[in-house]
Amino acid sequence: MKFRCERADLEKVLGTAGRAVTTRGGALPVLAGIHLELAGDQLQATGTDLDLTITVTAVVGGEEDGTAVLPSKLANDIVRAVPPGKIEVTIEGDEAHISAARSEFSLRVIPADEFPRMAEPPESAVQLDGAAFRDALKQVVKAASSDDSRPILTGVLMAAEGDGLRLVSTDSYRLSVRDLPGTSVLTGDESVLVPSRSLSELSKVLDGDDALTLRLGERDAAFESGDVRVSTRLIEGDFPNYRGLIPDSQPNKLVVNRAELLEAVRRVRLLAQEATPVRMMMKSGGLELVAVTQDVGQAHEAIDATYDGEELTVAFNPEYLLDGLEVTSGDEISLETVDALKPAVLRSSDNPDFLYLLMPVRVS
Amino acid sequence: MRLVIAKCTVDYDGRLTAHLPSAKRVIMVKADGCVAIHADGGAYKPLNWMNAPNRLSIEDDVWTVTSPKGEKLTITIHELYDDISHELGVDPGLQKDGVEAHLQELLAANPEVLGEGYRLVRREFPTDIGPVDLLIRTPDGIAVAVEIKRRGEIDGVEQLTRYLDFLNRDPQLRPVRGMFVAQEIKPQAKVLATDRDISWQVVDYDELRGIESNELRLF
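Residues numbered from 1 in each chain as written. Chains lettered and ligands numbered in written order. Predicted model: local features only at pLDDT ≥ 70, side-chain atom pairs only at ≥ 80, totals over all residues. Heavy atoms only, no water.

**Remarks on the interface of chain A and chain B**
Working step 1: Taken together, the contact pairs 22 residues of chain A with 12 residues of chain B.
Working step 2: Summed over both sides, the interface of chain A with chain B buries roughly 1,600 Å², with 61% coming from carbon and sulfur.
Working step 3: On inspection of chain A and its partner chain B, the count reaches 3 residue pairs in polar contact (both at pLDDT 80 or more).
Working step 4: For the side of chain A that touches chain B, the class distribution of residues is 13 nonpolar, 4 polar and 5 charged. (Contact = heavy atoms within 4.5 Å. Buried area = accessible area lost by both parts, 1.4 Å probe. Polar contact = N/O pair within 3.5 Å; in protein donor to acceptor, adjacent residues only side chain to side chain. Nonpolar A, V, L, I, M, F, W, Y, C, P; charged D, E, K, R; others polar.)

Okay, structure coming up:
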């Protein structure tokens, strides 16, 4: 195999495909590599950990077709390190030569025949608004669990909702629900559970306003945008009944400037150490944030806010509260509560398509 | 434990080859058959070693240690300074701290936390190299050796692997599966455990104690 291209292009190709490469080694050493296939001027790079696969294609100056597997980390480090400009890659036998300007590298390749064969993506395809989907992913992915002992919670539920699509995630401490009205992907009561890691990588590789094609199979899904395809296995199992968790009505409502509250929580959080929660003291005059860490210190901050309801103090995990505030859009948010032990609902005042449910922390 | 202090050369032939030129070193032969060669430095790390199971044959001044995988360690003794043996007995292992000991008690009292229908056979089940925290039976009658740590790291998985090696030599027990349990388990430990077909589980100490966690959950 032999080709030339701009360093920036190869960096993007290897870097994007490399996001799916496993860094943990394991039974298949070849999975630490990126599979390259050159046909004419089309270079295709694939990285996979068998659950998540990212394939990138690029146009290069192809001189000799071939396939090879390059060690991902080393290849990426080399390409990032060489000077900008033209880069030439030649792979013969079990050695790859990378040269750019006056730098030359040679490295052992991994046997390409050991690389797993990827299944073809499902045929049926649906078009999505890439930018809207990317924004929606950013709002829900963080609330998914990272604990593999409860794999269902590591997924994001994609379900039909009215004439649109609903994305739901939860780690049992908080719940994110984002609707994409008019996005017709699933029908009736269809739903799939997509690993949040795969969607997180997808949101990073989605570029600008590129259209997004979704191909859904029984056990896997593929998202295609521009030159990138992100394929993922789906999680089998039943997602928790989240609808029952969303309160019908809540007697207390706080309305506050989102940025002001966000910054205030960030400041007060400095004294919320060792799992100390941040307390929100809500009354008709406004809102006060308090954090007290024994033997360390305390923080108080008053914020202008409109409050309708009983005087109430609710404590929250500051990281979870910040996550919700960061992904809620708009200048103004509302926080609806029942009491200090029931879930609070965070919404944007000007966008009804997203809500963030957050459980309080019990305090004495 | 046999300790030999000798000037020796060491050659290893296996996945790669290695040679240690002649020098004064300690050769350690443990009761389980492990052979390790140490220099007077390098902390706990041997210069070379062959784990058990292996076969040690000594002919004149040449020690040959072979493993079932075909690896060979050859130690040539040039000058012997000392050769002593001591009976060390079964090591009690690291004393568990309070939380670990309590976790063991709690899980022994509630083995169903680890799996539906699991029942306790014995706490501190003895093996030739020390006791494993819990021995449990699944509803299908399969034996499961459980190693419990406060923090699960690679060392704990290695320890459990050694226990399983010995437990699976017992025809009345095998097949014995392994389960690694801790309040938190490092990613590398999870990977190693999975690679060795050892299941792992993170447990919440507070929940086990019956104390409601202050972090409330939606479900």
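**Re the sheet that holds strand β7 (residues 86-92) of chain A**
Residues and elements named next belong to chain A.
Working step 1: Reading across from one edge, β5-β1-β7-β8-β9 is the order of the 5 strands in this open sheet, with antiparallel pairing throughout. At either margin of the open sheet sits one strand with a lone partner, and together these are β5 (61-64) and β9 (103-108). Averaged over all adjacent pairs, the angle separating strand axes in this sheet is 15°, with direction ignored.
Working step 2: Bridge count for strand β1 (residues 2-6) against β7 is 5 bridges, and the pairing is antiparallel. Following the sheet pairing, F3 is matched in β7 by V89.
Working step 3: In the packing of helix α1 (residues 7-18) onto the sheet, contacts are made with β1 and β7, and the angle to β1 comes to roughly 105°. (Pairing = 2+ DSSP bridges. Helix = DSSP H or I, 4+ residues; strand = E, 2+ residues; numbered from the N terminus. Axes fitted to C-alpha atoms, helices over the stretch in contact; angles between N-to-C directions.)

**Some thoughts on helix α3 (residues 187-195) of chain B**
All names here are of chain B.
Working step 1: Within the span of α3, buried status applies to A189, K190, L192 and A193. One side of α3 holds all its buried residues, which, seen down the axis, span an arc of 165°.
Working step 2: Just downstream of α3, D197 is the residue with a positive phi angle, here 60°. (Buried < 20%, exposed > 50% of the residue type's maximum accessible area, 1.4 Å probe, protein only. Arc of directions from axis to C-beta.)

**As for unusual backbone geometry**
If a residue is not glycine, its phi is most likely negative; likewise, a peptide bond is most likely trans.
Working step 1: In the segment running from A52 of chain B into P53 of chain B, the intervening peptide bond is cis, with an omega of 0°.
Working step 2: Inspection of the secondary structure assignment puts P53 of chain B in the loop between β4 (48-50) and β5 (55-59).
Working step 3: Following R174 of chain B, the chain continues into P175 of chain B via a peptide bond in cis, with omega recorded as 10°.
Working step 4: With respect to the helices and strands, the residue P175 of chain B is situated in the loop between α2 (154-167) and β11 (176-185).
Working step 5: For S172 of chain A, which is not glycine, the phi dihedral falls at a positive 85°.
Working step 6: Relative to the elements of secondary structure, S172 of chain A occurs in the loop between β12 (164-170) and β13 (174-180).
Working step 7: Overall, the relative accessible area of 0% leaves S172 of chain A in the buried class.
Working step 8: Of note, the phi angle at E124 of chain B is positive, near 50°, even though the residue is not glycine.
Working step 9: Residue position: E124 of chain B is located in strand β8 (residues 119-125).

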